[in-house]
Number of protein chains: 2
Amino acid sequence: MTQEGILIVISGPSGTGKSTIVKEFIRRNPSVQLSVSATTRKARPGEVEGINYFFHSEDEFQKKLHQDAFLEHAVVYGNYYGTPREFVREQLERGKDVLLEIDTAGAMQVRKKFSQGVFLFILPPSMEELHRRINHRGTETPEELERRMNSALEEILHLGNYDYAVMNDHVSDAVQLIESILKAEKASVVRSRHYWLKTFSS
Amino acid sequence: MTQEGILIVISGPSGTGKSTIVKEFIRRNPSVQLSVSATTRKARPGEVEGINYFFHSEDEFQKKLHQDAFLEHAVVYGNYYGTPREFVREQLERGKDVLLEIDTAGAMQVRKKFSQGVFLFILPPSMEELHRRINHRGTETPEELERRMNSALEEILHLGNYDYAVMNDHVSDAVQLIESILKAEKASVVRSRHYWLKTFSS
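This structure is a prediction, so every number in the text was calculated from the model and none was measured. (Residues numbered from 1 in each chain as written. Chains lettered and ligands numbered in written order. Predicted model: local features only at pLDDT ≥ 70, side-chain atom pairs only at ≥ 80, totals over all residues. Heavy atoms only, no water.)

Remarks on the overall build of chain A
When helices and strands are counted, chain A shows 8 helices and 9 strands. The globule rule puts the C-alpha radius of gyration for 202 residues at 17 Å, and the 18 Å found for chain A is close to it. Projecting the C-alpha coordinates of chain A onto the three principal axes gives extents of approximately 65 × 40 × 30 Å. In chain A, which comprises 202 residues, the share counted as buried stands at 48%. Charged side chains in chain A number 26 positive and 28 negative. The centres of these two groups are separated by 5 Å. (Helix = DSSP H or I, 4+ residues; strand = E, 2+ residues; numbered from the N terminus. Rg over C-alpha atoms; globule rule 2.2 N^0.38 Å. Buried < 20%, exposed > 50% of the residue type's maximum accessible area, 1.4 Å probe, protein only. Lys, Arg positive; Asp, Glu negative; His and termini not counted. Charge placed at Lys NZ, Arg CZ, Asp CG, Glu CD.)

So this is what it looks like as structure tokens:
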């Protein structure tokens, strides 16, 4: 009996190093599957169907949308993007964990449709550090810098909708914390109870 | 600002190696405080007040009991034992985690009075292994063996009242899982939210 996989949803304001954490987490945990989005955007050279994206015509996408086939979706620059429910479900049933990096709006859509996911929010260690990271290249105008700081702070107010806060001070610490969270979640009685009662009732 | 410590409550049927896990966990995490029980039992040579136990007269114990000063209590061979609420609270406020190893009846009393604790249940990896461990010394009569197996299986039915199931296949794995659970719990938004909102609202 294989325990079902876990859908890990990761969000966080820009400037928190979210993508670096996701990349390092997958490198250290190659058995975890990155979620593959569906999109109406045309494939770029080198992009592979089912690996980078599931490419759909707009008609196909709309049809799937009406079938409630996406855990979340959004329109970006006129193209549709969505997280295929079926792809995620198949991985989880095979016992594979799935990682989805997504903005707070998308994460809240997923939460409504798939509440058994684990929702992580990446945070910078401090206000000063957030400022430093956003200003990293030193190329932003003061107005742009202020706009990005405000937008990051607004994002942080979404923290209350997540399960775990992951501070990104050092990437390896943040990755290890996510590994701990995943281990703990797998051991939670809510998720493992069925397995254990079966083991000891035979 | 120090994050408050966590009360970790550990139970599990006999034969699961619970005490070995607790001992190894404390060895690897010396900053975690073992809970110190209050008792009406007389101190034995070498036992130190406040380290091994808080020694009370029966009058004192009864008085404290009426003041609701214990997170749980029990009578064993005519002596009272209890977990002093104040001692636990002081440690947690100082940011220290407290570990309490206790039977399922005691754990359920603690859960009612201190639901923010983290409740762990230690499990043997399988029915066969439980049998092997209980029969370890080979000195039990068949009746005694059956009684101990039944009592262990009855205990396992309490699993649903706990937060996490910790399989004790190898002690070091079980200890690492408890460390992961503790890290994850500290990062849970429920526990850390106040800290983060304060950090980013200043």
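Moving on from the coordinates now.
Here we look at the pairing of strand 8 (residues 118-123) of chain B
Consecutive residues of a regular strand have side chains that alternate between opposite faces of the sheet. Residues and elements named next belong to chain B. With 6 of 6 residues buried, strand 8 is to be regarded as a mostly interior element. Of the two faces of strand 8, the one lined by Val118, Leu120 and Ile122 and the one lined by Phe119, Phe121 and Leu123 are each fully buried. As paired strands, strand 8 and strand 9 (residues 164-167) are joined by 4 bridges and run parallel to one another. Following the sheet pairing, Leu120 is matched in strand 9 by Tyr164. (Pairing = 2+ DSSP bridges.)

Let's talk about the interface of chain A and chain B
Between chain A and chain B, the contact holds 30 residues from the first and 30 residues from the second. Of all the elements in the fold, those that place two or more residues in the side of chain A that touches chain B are helix 6 (142-156), strand 9 (164-167), helix 7 (171-187) and helix 8 (189-201) of chain A. (Contact = heavy atoms within 4.5 Å.)

Considerations on the UniProt feature "binding site: ATP" (unreviewed entry) in chain A
All names here are of chain A. The sites that carry the UniProt feature "binding site: ATP" (unreviewed entry) are, in the present numbering, Gly12, Pro13, Ser14, Gly15, Thr16, Gly17, Lys18 and Ser19. Along the polypeptide, Gly12 turns up in the loop between strand 1 (7-11) and helix 1 (18-28). Among the residues examined, Gly12 registers a relative accessible area of 4% and is labelled buried. The topology assignment puts Ser14 in the loop between strand 1 and helix 1. Overall, the relative accessible area of 40% leaves Ser14 in the partly exposed class. Those residues within four positions of Ser14 in sequence are excluded, and the remaining contacts are Leu130, Ile134, Arg148 and Ala152. There is a polar contact of 3.3 Å between the side chain of Ser14 and the side chain of Arg148. (UniProt positions renumbered as here; feature names shortened; annotations may be inferred. Polar contact = N/O pair within 3.5 Å; in protein donor to acceptor, adjacent residues only side chain to side chain.)

Brief notes about the relation of the copies chain A and chain B
Mapping between the two chain copies consists of a rotation about an axis together with a translation along that axis. Each copy of the sequence occupies a distinct position, and chain A is placed on chain B by a rotation of 180° and an axial shift of 0.0 Å, giving an RMSD of 0.0 Å. Those values place the two copies in the arrangement expected of a two-fold rotation axis. For chain A, the minimum C-alpha distance to the rotation axis belongs to A:Ser180 and amounts to 2.2 Å. Interface overlap between copies: 100% of the residues of chain A at the interface are likewise at the interface in chain B, consistent with a symmetric, same-surface contact. (Least-squares fit on C-alpha atoms with pLDDT ≥ 70 in both.)

Quick word on the environment of B:Pro142
Position of B:Pro142 relative to the elements: it lies in helix 6 (residues 142-156). Taking the C-alpha atoms as reference points, B:Pro142 and B:Gly50, 92 residues apart in sequence, are found 42 Å from one another.

Notes on the side chain of B:Arg41
Residue and element names in this part refer to chain B. Along the chain, Arg41 turns up in the loop between strand 3 (37-39) and strand 4 (53-55). For Arg41, a relative accessible area of 8% translates into the label buried. Within the structure, Arg41 has its side chain in polar contact with the side chain of Glu47 (distance 3.0 Å). Residues within four places of Arg41 in sequence aside, it is in contact with Glu47, Tyr53, Phe55, Asn79 and Tyr81.

Description of the environment of B:His136
Mapped onto the secondary structure, B:His136 falls in the loop between helix 5 (127-134) and helix 6. A C-alpha to C-alpha distance of 31 Å links B:His136 and B:Tyr80, two positions 56 residues apart in sequence.

Structural notes on the sheet that holds strand 1 (residues 7-11) of chain B
Residues and elements named next belong to chain B. The 5 strands are arranged 2-7-1-8-9 in an open sheet whose pairing can be described as parallel. Bordering the open sheet on either side are strand 2 (33-34) and strand 9, each of which pairs with just one other strand. Both strand 1 and strand 7 (residues 98-101) contribute to a ladder of 4 bridges, which runs parallel. When the sheet's bridge partners are listed, Ile8 is paired in strand 7 with Leu99.

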